[in-house]
Amino acid sequence: MPSHNNAKRIVRLGLLISLAMALSYFERFIPLPYGIPGMKLGLANIVIVTCLIHIEKKDVLIVVVCRVFLTAFVVGNMMSFFYSLTGGLLSYFGMVFVHHYFKEQVSVLGISILGSVLHNVGQLLVLAVVTGRGTIALYYSPMLMSVGVLTGVFVGVASMYFARHMKVIIKSGYLDPKIKGD
Amino acid sequence: MKKGDAVIYLVIALSILSVYLVNIPPRGEGLLIVEVRVHSEVVDRFLLTETIDKAYQTEFGYNRIRIENQRVRMVEADCRDQICVHTKAGTQARDAIVCVPNRVTIEVMGEGGDIDAISQ
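Residues numbered from 1 in each chain as written. Chains lettered and ligands numbered in written order. Predicted model: local features only at pLDDT ≥ 70, side-chain atom pairs only at ≥ 80, totals over all residues. Heavy atoms only, no water.

Caption draft 1: Layout of the sheet that holds strand S5 (residues 71-77) of chain B. Residue and element names in this part refer to chain B. Spatially, 3 strands are ordered S3-S4-S5 in an open sheet, and the strand pairing comes out antiparallel. Where the open sheet ends on each side, the last strands, each with one partner, are strand S3 (52-57) and S5. Taking each pair of neighbouring strands and ignoring which way they run, the sheet shows an average axis angle of 20°. Pairing geometry for S3 and strand S4 (residues 62-68), over 6 bridges, is antiparallel. Its bridge partner lying in S4, Gln 57 is registered against Tyr 62. (Pairing = 2+ DSSP bridges. Helix = DSSP H or I, 4+ residues; strand = E, 2+ residues; numbered from the N terminus. Axes fitted to C-alpha atoms, helices over the stretch in contact; angles between N-to-C directions.)

Have a look at this one:
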């Protein structure tokens with residue numbers, strides 16, 4: 001029954017996108033010690049990493065893009081939109097690449113650390129373009145990349161817990177990840 | 001830890017180390033220059049030893065910088081995030097303060113523009 005499966009997929013996507021949005025919104029209230037442009041916790045990555053490992057990759061791209069668009073519409077501005085989009089896409093493609101080609105050799109933690117670091121690298125690229133000064137992005141990069149490692153560890157551990165809890169939801173039959181779209 | 005993880009960590013560690021090494025300020029007691037840019041155009045150059053308090057009203061917004069006691073700071077900005085105002089003061093070559101929404105950058109650089117030699 002294609003229409004039935006499609007409805008499930010839409011429900012699943014809606015849930016994941018709203019979860020990612022809520023996390024991006026929530027992390028604005030957590031103060032960060034240093035004033036570095038583009039520094040973020042990247043809590044939405046918890047959803048992205050979990051989806052990437054437990055749901056098909058095509059759907060994750062939809063979650064990434066919708067999350068960025070909707071968050072920018074609700075609370076952001078043009079600048080934060082470009083920051084999130086570049087960081088989000090770079091992080092997504094990096095994680096998909098590693099997950100697709102080296103699935104057996106990498107753990108959830110490795111993937112999430114890579115994703116967080118790439119997210120910050122993407123933000124640095126936007127910083128370089130916006131200010132027109134690549135050198136400034138370079139000054140900030142060691143700090144931002146190190147921060148990315150720390151947030152990556154946090155995101156990785158959190159997604160392991162998230163996946164465990166999601167299995168319960170999956171068992172209830174509403175979110176069977178084996179059901180493909182259409 | 002799996003083998004692929006080790007490779008990922010190694011690549012990340014090496015890239016952090018290499019950008020860190022590139023960023024180490026050059027030795028020497030040369031004069032430090034503060035360069036203020038709006039949208040990548042240089043609008044002002046000061047010596048870090050000067051005492052300056054200057055406001056910039058541009059098409060992107062309002063910013064005010066202050067140089068005193070060999071420290072440069074962004075003291076005021078009308079941007080939303082206020083990250084530039086909270087950035088620590090620039091005191092040595094390759095320190096930078098950025099106001100992304102207003103496209104204003106303040107860079108401290110050594111005399112002779114060694115930084116430009118790297119970026120171009």
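Caption draft 2: Quick look at a nonpolar patch on the surface. Residue and element names in this part refer to chain B. A cluster of nonpolar side chains, contributed by Leu 10, Leu 14, Leu 17, Tyr 20, Leu 21 and Ile 24, occupies part of the molecular surface with about 610 Å² of accessible area. The topology assignment puts Ile 24 in the loop between helix H1 (3-23) and strand S1 (32-38). Residue classification places Ile 24 among the partly exposed residues on the basis of a relative accessible area of 41%. (Patch = residues over 30% accessible without salt bridge, like charges linked within 9 Å, V, L, I, M, F, W, Y side chains within 5 Å. Areas by Shrake-Rupley, 256 points an atom, 1.4 Å probe, with all protein chains shown as cover. Salt bridge = Lys/Arg side-chain N within 4 Å of Asp/Glu carboxyl O. Buried < 20%, exposed > 50% of the residue type's maximum accessible area, 1.4 Å probe, protein only.)

Caption draft 3: Seen up close, empty space enclosed by the protein. All names here are of chain A. Scanning the model with the defined rule gives 2 cavities of 30 Å³ or more in all. Its boundaries defined by the atoms lining it, the second largest cavity holds a volume of some 40 Å³. Together, Lys 40, Leu 41, Gly 42, Asn 45, Ser 116, His 119, Asn 120, Gly 148 and Thr 151 line the second largest cavity. By residue number, the principal contributor to the lining of the second largest cavity is helix H5 (residues 108-131), which donates 3 residues. Partitioned by chemical class, the residues of the lining of the second largest cavity number 1 nonpolar, 7 polar and 1 charged. (1 Å grid on protein atoms, 1.4 Å probe; cavity = no way out; pocket = protein on both sides within 12 Å on 5 of 7 lines; lining within 4 Å. Points joined across faces, edges and corners; volume = space filled by probe spheres on them. Nonpolar A, V, L, I, M, F, W, Y, C, P; charged D, E, K, R; others polar.)

Caption draft 4: Molecular detail of the interface of chain B and chain A. Contacts between the two partners involve 33 residues from chain B, matched on the other side by 32 residues from chain A. Between chain B and chain A lies a buried interface of about 2,700 Å² when both sides are counted; carbon and sulfur atoms form 67% of it. Where chain B packs against chain A, one counts 1 salt bridge. We note a salt bridge from Glu 107 of chain B to Arg 133 of chain A, for which the minimum N-O separation is 2.8 Å. (Contact = heavy atoms within 4.5 Å. Buried area = accessible area lost by both parts, 1.4 Å probe.)

Caption draft 5: Structural detail: the packing of helix H2 (residues 44-54) of chain A against H5 of chain A. All names here are of chain A. Where H2 contacts H5, the two axes come as close as 10 Å, and the packing angle between them is 135°. Judged by the inter-axis angle, H2 sits oblique to H5. Here H2 and H5 pass one another in a crossing that is right-handed. Between H2, through Asn 45, Val 49, Leu 52 and Ile 53, and H5, the contact on the second element is made entirely by Val 108, Ile 111, Ser 112, Gly 115 and Ser 116. Grouping the constituent residues of the contact of H2 with H5 by class yields 5 nonpolar, 4 polar and no charged. (Parallel < 35°, antiparallel > 145°, perpendicular 65-115°, else oblique. Left-handed = near helix turned anticlockwise from the far one by under 90°.)

Caption draft 6: Quick look at the packing of aromatic side chains. All names here are of chain A. Tallying each qualifying case throughout the model produces 6 aromatic pairs over all chains. Summarising the aromatic geometry, the rings of Phe 97 and Tyr 101 are spaced 5.0 Å apart at their centres and angled 50° between planes, so their arrangement reads as tilted. Of this pair, Phe 97 and Tyr 101 are both found in helix H4 (residues 78-101), 4 residues apart, which corresponds to roughly one turn of the helix. Here Phe 97 falls in the partly exposed class, since its relative accessible area comes to 45%. The rings of Phe 69, Phe 81 and Phe 82 are connected pair by pair, giving a single aromatic cluster. (Phe/Tyr/Trp six-rings, centres within 6.5 Å; stacked < 30°, edge-to-face > 60°.)

Caption draft 7: Fine view of the sheet that holds S1 of chain B. Residue and element names in this part refer to chain B. Strands sit in the order S2-S1-S7-S6 across an open sheet of 4 strands; the sheet is antiparallel. Two strands bound the open sheet, and with one partner strand each, they are strand S2 (41-47) and strand S6 (96-99). The sheet shows a mean angle of 20° between the axes of neighbouring strands, direction not considered. Here S1 runs beside strand S7 (residues 104-110); their pairing, made up of 7 bridges, is antiparallel. The residue of S7 that forms the bridge with Val 34 is Val 108.

Caption draft 8: Representation of the side chain of Arg 103 of chain B. One can find Arg 103 of chain B in the loop between S6 and S7. Excluding anything up to four places from it in sequence, Arg 103 of chain B contacts Met 79 and Val 130 of chain A together with Arg 37, Val 38, His 39 and Phe 60 of chain B.

Caption draft 9: Geometry of the confidence of the model for chain A. Averaged over chain A, the pLDDT score is 83; the fraction of residues at 70 or greater is 86%. Per-element confidence in chain A is highest for H5 of chain A, whose mean pLDDT is 90, and lowest for helix H1 (residues 2-26) of chain A, whose mean pLDDT is 83. (pLDDT = per-residue confidence, 0-100.)

Caption draft 10: Region of interest: the environment of Cys 84 of chain B. Residue and element names in this part refer to chain B. Tracing the backbone shows Cys 84 in helix H2 (residues 83-86). A residue is classified by how much of its surface remains accessible, and Cys 84, at 0% relative accessible area, is buried. Residues Cys 84 and Met 74 lie 10 residues apart in sequence; the distance between their C-alpha atoms is 6.2 Å. Discounting residues that sit within four places of it in the chain, Cys 84 has contacts with Asn 63, Met 74, Ala 77, Cys 79, Ile 97, Val 98 and Cys 99.

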